[in-house]
Amino acid sequence: MKREKVIGKYDYIVSAAGRVNIIGEHVDYCGGKVMPAALSLRNAVYIRPNGTDKINLSWTDLPDKVTLDINKLGEYRDLKHAKYQAGSAYFWQQAGHKIVGCDMVHDCTVPFGSGLSSSAAIEVSTIAALATVAGEAFDPVEVALVAQKAEREYTGVNCGIMDQYASACGKKGHAILLDCKSLEREYEPVELGKYSLVIINCNKPHNLVESKYNERRAETEEALAVIKAQTPIDCLADLSPADFAKYAGLLSPVVKKRAEHVVMECERVRQAAEAMKAGDIVRLGALLNASHDSLSRLYEVTGKELDSLAGAAQAHPACVGSRMTGAGFGGCTISIVETAQVEDFKAFVAARYEAETGYRAAFYDADIADGITVTKLS
Ligand code: GLA
């Protein structure tokens, strides 16, 4: 169904954002701080109540039509496309909220499998849309927490809170400095002066992300258990680099590398927030480079394609920093590049990356946008 045909027949458009993470990778589930931003790439839901006990789902870019019974929302986990909507509705209902029958059309501009959190955008916008059509005010943080539950249950990825939080609570022109232990946040204006953010997809199909992600989580949990037996901490993010050095010798070589990444990445986020506040974009860029290096060597979640893509970006003279963003194992990089040189940068990176890997990179035009938006259509 074309977008223009949809508008006008529905009561609301409720949307939620895809996200890019500027820095703070693989630390959200260790209680660390992260710095994501919501994107103008998003999932929009056109919705109206239909007076029945059914949710009729359709998509602007898929021929499928799916009907869900609001009394059986837990029974749809095997559906291909609709399981995210069904799961989100189910956990919202389980949290004690009212679900009413409705018609909804989903229109997603977050590229799937890009590491820009299309699934979080779908889950968060589905819940916010269902609450809106049921006449309920909603708390975006609660929406994010319920969406995280749906993601964990329906993708098998034991994810942290970063993606759903950014999708729900993002703010135009700002990054969110989110403390994943307390869920407190600060908004940091993203003022890059003569620089711009460039997001590039390595276009390598994701492979085994779920199992490798869960394996990294288990390794960080092992590190925490060993160190906790020595000193009272709640999470790895509580350890300073100096304290980590005291206990690192107790860990097996692989687990030590993983924990070192987490502790030092938390330190980089602290420094990145300072650099952003001071408008020191060159320093921020250097921290992005160090983050990528750590994700590659210590956390081992990059792979040859993301290493090649970040390496090509870092080799261009107008780029002050580049790193993988999101879970890794494929997906996107984020680079900070002199705005006047962006076109030259893109041509350089595209050619070098394709020569090295055989894959064609994709470049996205996206701005930093709000999280959930609700528009009443009259
Ligand atoms: C995925 C997860 C997030 C986070 C990142 C890595 O996007 O959904 O919770 O762990 O990976 O930083």
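Let me begin by describing the structure that accompanies this report.

Reading the values: rules and limits
- Residues numbered from 1 in each chain as written.
- Predicted model: local features only at pLDDT ≥ 70, side-chain atom pairs only at ≥ 80, totals over all residues.
- Heavy atoms only, no water.
- Core = buried A, V, L, I, M, F, W, Y, C linked by side-chain atoms within 4.5 Å.
- Buried < 20%, exposed > 50% of the residue type's maximum accessible area, 1.4 Å probe, protein only.
- Helix = DSSP H or I, 4+ residues; strand = E, 2+ residues; numbered from the N terminus.
- Domains from an automatic or database assignment.
- Contact = heavy atoms within 4.5 Å.
- Phe/Tyr/Trp six-rings, centres within 6.5 Å; stacked < 30°, edge-to-face > 60°.
- Disulfide = S-S within 2.5 Å.
- Expected span 1.5 Å × (residues − 1).
- Axes fitted to C-alpha atoms, helices over the stretch in contact; angles between N-to-C directions.
- Parallel < 35°, antiparallel > 145°, perpendicular 65-115°, else oblique.
- Left-handed = near helix turned anticlockwise from the far one by under 90°.
- Nonpolar A, V, L, I, M, F, W, Y, C, P; charged D, E, K, R; others polar.
- Near = heavy atom within 4 Å.
- Polar contact = N/O pair within 3.5 Å; in protein donor to acceptor, adjacent residues only side chain to side chain.
- Areas by Shrake-Rupley, 256 points an atom, 1.4 Å probe, with all protein chains shown as cover.
- Pairing = 2+ DSSP bridges.

1. Focus: the nonpolar core
In terms of nonpolar packing, the biggest core is built from 89 residues, with Ile 47, Ile 55 and Leu 236 touching the most fellow members. Per element, the largest residue contribution to this core is 7 residues, and it comes from helix α3 (residues 118-133). Domain assignment of the residues forming this core places at least three in each of domain 1 (3-189 + 368-376) and domain 2 (195-364). Beyond its immediate sequence surroundings of up to four residues, Leu 236 is in contact with Cys 30, Thr 220, Ala 223, Leu 224, Ile 227, Ala 259, Val 262 and Val 263. Listed in part, the 33 residues of the second largest apolar core include Val 110, Ala 273, Leu 287 and Ala 362.

2. Description of the packing of aromatic side chains
Inspection of the entire model under this criterion finds 3 aromatic pairs. When the centroid spacing of 5.2 Å and the interplanar angle of 65° are considered together, the rings of Tyr 90 and Phe 91 count as edge-to-face. Residue class for Phe 91 comes out buried when judged on its relative accessible area of 12%. Centroid distance Phe 91 to Tyr 154: 6.3 Å. Interplanar angle 85°. Geometry classified as edge-to-face.

3. Quick notes on the state of the cysteines
For the structure shown, the criterion picks out 0 disulfides. Summary of cysteine pairing: Cys 30 is not part of a disulfide, and the nearest cysteine sulfur, belonging to Cys 266, is at 7.3 Å. The exposure class of Cys 30 is buried, given its relative accessible area of 5%. Distance from the sulfur of Cys 180, which forms no disulfide, to the nearest cysteine sulfur (Cys 266) is 9.0 Å. Taking the relative accessible area as the measure of exposure, Cys 180 reaches 12% and is therefore buried.

4. So, helix α10 (residues 303-315)
Given a rise of 1.5 Å per residue, 13 residues ought to cover 18 Å, and the 18 Å separating the end C-alpha atoms of α10 matches this to within 8%. Taken together, the buried positions of α10 are occupied by Glu 305, Leu 306, Ser 308, Leu 309, Ala 310, Ala 312 and Ala 313. Of the surrounding elements, those touching the buried residues of α10 are β9 (195-201), α9 (281-297), β10 (319-325), β11 (332-338) and α11 (342-357).

5. Topic: the packing of α3 against helix α5 (residues 162-169)
One can describe the packing of α3 onto α5 by two numbers: an axis separation of 9 Å at closest approach and a directional angle of 55°. When the axes of α3 and α5 are compared, the pair comes out oblique. Considering how the two elements wind past one another, α3 and α5 form a crossing that is right-handed. Residues Ala 120, Ala 121, Glu 123 and Val 124 of α3 form the contact with α5, whose own contacting residues are Asp 163, Gln 164, Ser 167 and Ala 168. Of the residues belonging to the contact of α3 with α5, the class tally is 4 nonpolar, 2 polar and 2 charged.

6. Quick word on the site of the ligand
Every residue lining the ligand is accounted for by Arg 19, Glu 25, His 26, Asp 28, Tyr 29, Cys 159, Gly 160, Met 162, Asp 163, Tyr 213, Gly 326 and Ala 327. Within the side chain of Asp 163, one N or O atom sits 2.7 Å away from an oxygen atom of the ligand. Here an oxygen atom of the ligand and a side-chain polar atom of Tyr 213 are 2.6 Å apart. Taken by itself the ligand offers 310 Å² of open surface, and the protein chains cover 94% of this.

7. Describing the sheet that holds strand β4 (residues 54-59)
Read across the open sheet, the 6 strands follow the order β5-β4-β6-β3-β1-β13; overall the sheet is mixed. Where the open sheet ends on each side, the last strands, each with one partner, are β5 (65-69) and β13 (373-376). The sheet shows a mean angle of 25° between the axes of neighbouring strands, direction not considered. Sheet topology note: the strand β1 (residues 12-21)/β13 ladder contains 4 bridges and is antiparallel. Looking at the pairing, Ser 15 lines up with Thr 373 of β13.

8. Topic: the side chain of His 261
Residue position: His 261 is located in helix α8 (residues 253-278). The exposure class of His 261 is buried, given its relative accessible area of 0%. Side chain to side chain, His 261 and Ser 294 meet in a polar contact 2.6 Å long.

9. Structural notes on the environment of Val 105
Position of Val 105 relative to the elements: it lies in strand β6 (residues 102-108). C-alpha of Val 105 to C-alpha of Ile 47: the two residues are 58 residues apart in sequence and 6.6 Å apart in space.

10. Details of the sheet that holds β9
Pairing is antiparallel across the open sheet formed by 4 strands, whose spatial order is β10-β11-β9-β12. Each edge of the open sheet is held by one strand with a lone partner, namely β10 and β12 (362-364). On average, adjacent strands in this sheet sit at an angle of 25° to one another, irrespective of strand direction. α10 rests against β9, β10 and β11 of the sheet, and its axis sits at about 165° to β10.

11. Here's the deal with the environment of Lys 194
Within the secondary structure layout, Lys 194 lies in the loop between β8 (185-189) and β9. Sequence spacing of Lys 194 and Val 337 is 143 residues, and the spatial spacing of their C-alpha atoms is 8.5 Å. Excluding anything up to four places from it in sequence, Lys 194 contacts Val 337, Glu 338 and Thr 339.

12. Points about the pairing of strand β3 (residues 36-49)
Counting buried positions along β3 yields 11 of 14 residues, so the element is predominantly enclosed. Where β3 lies against β6, 7 bridges are found, and the strand directions are antiparallel. Bridge pairing in β6 links Asn 43 to Cys 108.

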